Amino acid sequence: MKALVQVRGEVNVSQDVLDTLEMLNLGRVNHATLVPETDAYAGMITKVNDVVAHGEPSETTVATLLESRGEPAEGEATIDDAWVGAHTDYEDVDALAAALVAEETTLQEAGLSPTLRLHPPRGGHDGIKQPVTTGGQLGPHETGDIDALLEAMR
C-alpha cells in the first residue's frame, strides 16, 4: 500500500494529471490518500509523480493518521477504537491500520472518507519544486521519509 500526498498546486498542470489526481481522490494541496500497489495505480502514480510525494508508510503512522485526520464517509465522528469496533470488522484503530497496510481493505470499504485532509507540514516542506533525489519533497520516498512527512502533517 502506498500513501500519496499532494504537495504542489494545480496551476499550470496538464488536464491528464488533473484527471488522474481526481481519480486518486486528491483534490487539494495537503490532501493524502492510501492506494493499493497494483499496476493500474502504479501508472497513475507515475503520471502524477511531479505533483505528489509517495511511499509505503508504516502501520504506526497509518494508525496515527486515522486517529488524528480520519473522517467517516457519512456523518461526523472522531475515529477511535470505539468507532472502529462499532462500524468495521476490526477491533481497534491499530488492527484497521495493519489491514490497510497489508491491503486487506481500503478506506472506503472500512466506511471512511478516501481522502485524509492533512495539516501543512510543521517545520515546512523540504522543497516542493525539487525531487527527493536533489533534496526536495516530490516523488518516491523511503518508508522512513514518508513517515516523517506524514508525522509532520498529522
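Within each chain, residue numbers correspond to sequence positions counted from 1 in written order. Where totals are concerned, whole chains, interfaces and linings use all residues; where local detail is concerned, this predicted model gives features only for residues with pLDDT of at least 70, and gives and counts side-chain atom pairs only at 80 or more. Only hydrogens and water are removed before side-chain values are computed, so all heavy atoms of the structure are retained for them.

With that settled, the discussion passes to the pattern of salt bridges. Put simply, a salt bridge is a Lys or Arg side-chain nitrogen that is within 4 Å of an Asp or Glu carboxyl oxygen. In the structure shown here, the tally under the stated rule is one salt bridge. In this structure, the salt-bridge partner of glutamate 71 is arginine 117, at a minimum N-O distance of 2.6 Å. Taken together, the residues span a long stretch of sequence, with glutamate 71 in the loop between helix H3 (59–69) and helix H4 (81–87) and arginine 117 in strand E4 (residues 116–117) at a distance of 46 residues. Working definition: with a 1.4 Å probe on protein chains only, accessible area under 20% of the residue-type maximum means buried, over 50% means exposed, and in between means partly exposed. The exposure class of glutamate 71 is partly exposed, given its relative accessible area of 27%. On the accessibility criterion, arginine 117 (47% relative accessible area) is partly exposed. Only DSSP runs of H or I with at least four residues qualify as helices, and only runs of E with at least two residues qualify as strands; both kinds are numbered from the N terminus onward.

Between the N-to-C directions of two axes lies an angle of 0 to 180 degrees, each axis being a line fitted to C-alpha atoms and, for a helix, fitted only over the stretch in contact. Direction vectors running N to C along H3 and helix H6 (residues 143–152) enclose 20°, while the axes themselves pass 10 Å from each other. Classed by the angle they form, the pair H3 and H6 counts as roughly parallel. In this structure, the crossing between H3 and H6 has a hand that is left-handed. Across from Thr61, Thr64 and Leu65 in H3, the residues of H6 making contact are Asp147, Leu150 and Glu151. Considered class by class, the residues forming the contact of H3 with H6 number two nonpolar, two polar and two charged. Oblique is the label for any angle not covered by the other classes, which are roughly parallel (under 35 degrees), roughly antiparallel (over 145) and roughly perpendicular (65 to 115). Crossings are sorted by hand: turned counterclockwise from the far helix by less than a right angle, the near helix makes the crossing left-handed, and turned clockwise it makes it right-handed. When checking whether two residues touch, look at their non-hydrogen atoms; a contact exists if any pair is within 4.5 Å. Amino acids outside the nonpolar list (Ala, Val, Leu, Ile, Met, Phe, Trp, Tyr, Cys, Pro) and the charged list (Asp, Glu, Lys, Arg) are all regarded as polar, and Gly is one of them.

Residues Val17, Thr20 and Leu21 constitute the buried set of helix H1 (residues 15–23). Buried residues of H1, viewed axially, fall in a sector of 100°; they line one side. Facing away from the buried side of H1, by more than 90 degrees, are the exposed residues Gln15, Glu22 and Met23. Check the buried side of H1 and you find it contacts strand E1 (2–6), helix H2 (39–47) and strand E3 (52–55). Regarding the arc, it is the one traced by the directions from the helix axis to the C-beta atoms.

Another point: the sheet that holds E4. By this definition, two strands are paired if DSSP reports at least two bridges between them. If you trace the five strands from one edge of the open sheet to the other, you get E4-E2-E1-E3-E5, paired in mixed fashion. Here the strands that pair on one side only, and so sit at the sheet edges, are E4 and strand E5 (139–140). Here E1 pairs with E3 via four bridges, running antiparallel. Paired with valine 5 across the two strands is alanine 53, which belongs to E3.

Below, the discussion takes up the environment of leucine 21. By secondary structure assignment, the location of leucine 21 is in helix H1. With 23 residues separating them in the primary sequence, leucine 21 and methionine 44 have C-alpha atoms 8.4 Å apart. Beyond its immediate sequence surroundings of up to four residues, leucine 21 is in contact with Gln6, Glu10, Leu26, Val48, Val51 and Val52.

Let's shift gears to the pairing of strand E2 (residues 31–35). Taken across its five residues, E2 has five buried, putting it largely inside the fold. Side chains of E2 alternate between two faces, with His31, Thr33 and Val35 and Ala32 and Leu34 buried alike. Judged from the four bridges that link them, E1 and E2 form a sheet pairing that is antiparallel. Within the sheet, the bridge partner assigned to valine 5 lies in E2 and is alanine 32. In the sheet, E2 pairs with E4 via two bridges, with the strands oriented antiparallel. Across the sheet, alanine 32 pairs through a bridge with leucine 116, a residue of E4.

Topologically, serine 58 is positioned in the loop between E3 and H3. Here a polar contact is recorded for every N or O atom pair within 3.5 Å, except that within protein the pair must consist of a potential hydrogen donor and a potential acceptor, and residues adjacent in sequence are included only if both atoms are side-chain atoms. At 3.0 Å, the side chain of serine 58 and the side chain of threonine 61 are in polar contact. The contact partners of serine 58, leaving out residues within four places of it in the chain, are Val101, Thr143 and Asp147.

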